[in-house]
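Given next are the chains, with one letter for each unit.
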Amino acid sequence: MRLPTFPTRFTRFARAAAALAAVGLLSGCYWLDGPQSTFDPSGPVARRQQDLFYLTCWVSLVIFVIVGSVLAYAMIKFRARSEADQHAEPPPQGHGNPLVEMSLIGASVLALVVIAIPTLKEIWYSYDLPVEEKANSYEITATGYQWWFKFDYPNETAKTADNTGKVMNAPFSTANELVIPAGRPVQINLRTVDVIHSFWIPKLAGKVDMMPNRGNHLWVEADKPGYFWGQCAEFCGESHAVMRFRVIALGPRDFNNWVNAQMEIARRVPVAPADAGKPRAQFAAYRTFRRNEAGSSDEFDRAPLDSWRRMQSTDVANEDPELIAKGRELFSTKTCSTCHTVRGDGYIGVVGPELTHVGSRSTIAAGLLQNNRDELHRWIHAPNEVKPGNTMWVKGYIANNIKLTPEDEDALVNYLSSLK
Ligand code: CUA
């Protein structure tokens, strides 16, 4: 039997490798500027991490080419050329060449040092804000929950009101959409209330874990206003893959306006006396969704920052004040208020996201669905189909045996969308 000769195997392997590399490169190119691409950094931390990645890549590539060439040279030059070669005695065995060995060890150490020095520099750089930037920085605390993110703004004081309408101070938090000032370093404290999550905004900084009983942190800075995607990057349970969030970076004036608007208590849509005698609208027919259907439209994805800005407007069409009032009441009778806070409406639950201004967010359900009435209905109608195992479904709907009629759902959708 004749053994397969070396060149045939080698060419076959080379062809397969080239095809694989081509597929990898082509698909890579396609995603290079995707919303979660680390190859399109939008801030200093991500940019320096990318530089380090390229340096490591180049050093590795040089080593790969040298080692690969020597290997290929040896395989081709010393291959068995004939039947006789294949059965020939091996050449005299030696113990190597000390000079070659020492130089190779030296070269390896040098390569490691070339990579290690900038790596350590970047670790220190991304670990904490540069000292001179501290005074200009903004602080936020991000907390991981199964499966959503809460963002506290410890330096802001929001308003709330008791049953008598007396206005008081309250801490401010929001969920799933982290709004930050652009062009300013932002210190983000990382916490979790349950398991390990990992906080990752690919275009702004590398991922850092949110560990139980351990206070991690990272800092980010967005060069200019923008809309960024974030994602939990550590497996944390059945809905880990849909534990997402968005980051909205705003210029100084826009950021201040946003903060001021968020400090206000929940928006009330007054029931005008003139409306009282008018026939009520029939409840809206909502679209049904296929399981795993995309949660946002192409139009939204093309210009998400514009979509987000539109959501800030309180100039809303098709509002039904009576339906909204009914939704506000159902929010309490259907026990939504046990878990959610709506400042000013008397709801102070802290298990789920604060909803005082949920109508101003561009997404709901951990950044998964675009925030419009259809998607909002999809979420409260069958939360388990959107985010399997979520707390609202398991400990809310199932545990409390909550049943919502289509009219109830419509009222709740109207109430929640009115919370601008
Ligand atoms: Cu949280 Cu994965």
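Higher on the page you've got the structure.
Read on for a plain summary of the structure. (Residues numbered from 1 in each chain as written. Predicted model: local features only at pLDDT ≥ 70, side-chain atom pairs only at ≥ 80, totals over all residues. Heavy atoms only, no water.)

**Quick notes on the nonpolar core**
Part 1: Within the largest apolar cluster, 45 residues are counted, with the highest numbers of intra-cluster contacts made by Ile180 and Phe199.
Part 2: Residue contributions to this core peak at five residues, all from strand β10 (residues 244-250).
Part 3: For Ile180, the contacting residues outside a window of four places in its chain are Ile140, Val186, Leu204, Val220, Ala222, Val247, Ile248, Ala249, Leu250 and Phe255.
Part 4: The next biggest cluster of nonpolar side chains, apart from the first, holds 28 residues, and it includes Phe331, Ala365, Leu412 and Tyr415. (Core = buried A, V, L, I, M, F, W, Y, C linked by side-chain atoms within 4.5 Å. Buried < 20%, exposed > 50% of the residue type's maximum accessible area, 1.4 Å probe, protein only. Helix = DSSP H or I, 4+ residues; strand = E, 2+ residues; numbered from the N terminus. Contact = heavy atoms within 4.5 Å.)

**Quick notes on helix α7 (residues 304-311)**
Part 1: Of the positions making up α7, those classed as buried are Pro304, Leu305, Ser307, Trp308 and Met311. Along the axis of α7, the buried residues cluster in a sector spanning 160 degrees; they form a single face.
Part 2: Here the buried face of α7 lies against β4 (177-181), β9 (226-232), β10, α5 (252-263) and α6 (298-302). (Arc of directions from axis to C-beta.)

**Some points on the layout of surface pockets**
Part 1: Approximately 830 Å³ is the volume attributed to the largest pocket.
Part 2: Among the secondary structure elements, those contributing two or more residues to the lining of the largest pocket are β13 (363-364), α9 (373-381), α11 (391-398) and α12 (406-418).
Part 3: The biggest single contributor to the lining of the largest pocket is α11, with six residues.
Part 4: Of the residues that constitute the lining of the largest pocket, the class distribution is 25 nonpolar, 12 polar and five charged.
Part 5: Of all the secondary-structure elements, those providing two or more residues to the lining of the second largest pocket are α6 and α7.
Part 6: The dominant element in the lining of the second largest pocket, judged by the number of residues it contributes, is α7, at three residues.
Part 7: Its residues assigned to classes, the lining of the second largest pocket shows three nonpolar, eight polar and five charged. (1 Å grid on protein atoms, 1.4 Å probe; cavity = no way out; pocket = protein on both sides within 12 Å on 5 of 7 lines; lining within 4 Å. Points joined across faces, edges and corners; volume = space filled by probe spheres on them. Nonpolar A, V, L, I, M, F, W, Y, C, P; charged D, E, K, R; others polar.)

**Details of the pattern of salt bridges**
Part 1: In the structure shown here, the tally under the stated rule is 15 salt bridges.
Part 2: Asp223 is the salt-bridge partner of Arg47, the closest N and O atoms lying 2.9 Å from each other. Residue Arg47 is located in helix α2 (residues 44-77), and its partner Asp223 is located in the loop between β8 (216-220) and β9; the two are separated by 176 residues in the primary sequence.
Part 3: Among the residues examined, Arg47 registers a relative accessible area of 33% and is labelled partly exposed.
Part 4: Look at Asp223 and you get partly exposed, because its relative accessible area is 37%.
Part 5: One salt bridge connects Glu122 with Arg48, and the closest N-O pair in it is separated by 3.1 Å. (Salt bridge = Lys/Arg side-chain N within 4 Å of Asp/Glu carboxyl O.)

**Concerning the environment of Ile265**
Part 1: Tracing the sequence through the fold places Ile265 in the loop between α5 and α6.
Part 2: In the structure, Ile265 is positioned 104 residues away from Ala161 in sequence and 7.3 Å away in space, judged by C-alpha atoms.
Part 3: If near-sequence neighbours (up to four positions away) are discounted, Ile265 is found in contact with Lys159, Thr160, Ala161, Arg343, Gly344, Thr356 and His357.

**Details of empty space enclosed by the protein**
Part 1: In total, this model carries one cavity of 30 Å³ or more according to the counting rule given.
Part 2: Its volume calculated, the largest cavity comes out at about 40 Å³.
Part 3: Lining the largest cavity are Thr174, Glu177, Val179, Trp258, Gln262, Trp308, His357, Ser360 and Arg361.
Part 4: Looking at the lining of the largest cavity, the elements with two or more residues in it are β4 and α5.

**Observations regarding the packing of aromatic side chains**
Here a ring pair, both rings aromatic, is described through the centre-centre distance and the interplanar angle of the planes.
Part 1: Taken as a whole and judged by the stated rule, the model has 21 aromatic pairs.
Part 2: The cationic tip of Arg246 hangs over the ring face of Trp229; the distance from NZ or CZ to the ring centre is 4.5 Å.
Part 3: The aromatic ring of Phe289 is capped on one face by Arg287, whose charged end is 4.2 Å from the ring centroid. (Phe/Tyr/Trp six-rings, centres within 6.5 Å; stacked < 30°, edge-to-face > 60°. Lys NZ or Arg CZ within 6 Å of the ring centre and 35° of its normal.)

**Topic: the pairing of β9**
Part 1: Burial of β9 is extensive: six of the seven residues sit out of reach of the surface.
Part 2: In the sheet, β9 pairs with β10 via six bridges, with the strands oriented antiparallel. Looking across to β10, one finds that Gly226 is bridged to Ala249. (Pairing = 2+ DSSP bridges.)

**Quick look at the sheet that holds strand β7 (residues 205-210)**
Part 1: Here we have five strands laid out as an open sheet, ordered β4-β10-β9-β6-β7, and mixed in their pairing. Strands with a single pairing partner mark the edges of an open sheet, and in this sheet they are β4 and β7. Sheet twist, expressed as the average angle between the axes of neighbouring strands with direction ignored, equals 20 degrees.
Part 2: With five bridges joining them, β4 and β10 adopt parallel strand pairing. The residue bridging Glu177 from the neighbouring strand is Arg246, located in β10. (Axes fitted to C-alpha atoms, helices over the stretch in contact; angles between N-to-C directions.)

**Examining a nonpolar patch on the surface**
Part 1: There is a patch of nonpolar side chains on the surface, built from Leu32, Phe39, Phe53, Tyr54, Trp58, Leu61, Phe64 and Val65 and spanning about 820 Å² of accessible area.
Part 2: Within the secondary structure, Phe64 sits in helix α2.
Part 3: According to the relative accessible area criterion, Phe64 is exposed, its value standing at 61%. (Patch = residues over 30% accessible without salt bridge, like charges linked within 9 Å, V, L, I, M, F, W, Y side chains within 5 Å. Areas by Shrake-Rupley, 256 points an atom, 1.4 Å probe, with all protein chains shown as cover.)

**Some words on the side chain of Glu177**
Part 1: Mapped onto the elements, Glu177 comes out in strand β4.
Part 2: Although Glu177 lies buried, it forms no salt bridge, and the closest oppositely charged side chain, Arg361, sits 5.8 Å away as judged by the N-O distance.
Part 3: Among the polar contacts made by the side chain of Glu177, one reaches the side chain of Trp308 at a distance of 3.4 Å.
Part 4: A polar contact of 2.7 Å, which involves the side chain of Glu177, links it to the side chain of Thr363. (Lys, Arg positive; Asp, Glu negative; His and termini not counted. Polar contact = N/O pair within 3.5 Å; in protein donor to acceptor, adjacent residues only side chain to side chain.)

**As for the packing of α2 against helix α4 (residues 98-127)**
What describes two packed helices is the angle between their axes and the distance between those same axes.
Part 1: Taken N-terminus to C-terminus, the directions of α2 and α4 make an angle of 170 degrees; their axes are 10 Å apart at the nearest point. As the angle between them shows, α2 and α4 are arranged roughly antiparallel. In this structure, α2 contributes Pro44, Val45, Arg48, Gln49, Leu52, Leu55, Thr56, Val59 and Ile63 to the contact, and α4 contributes Ala111, Val114, Ile115, Pro118, Thr119, Lys121, Glu122, Tyr125 and Ser126.
Part 2: Classifying every residue of the contact of α2 with α4 by side-chain character gives 11 nonpolar, four polar and three charged. (Parallel < 35°, antiparallel > 145°, perpendicular 65-115°, else oblique.)

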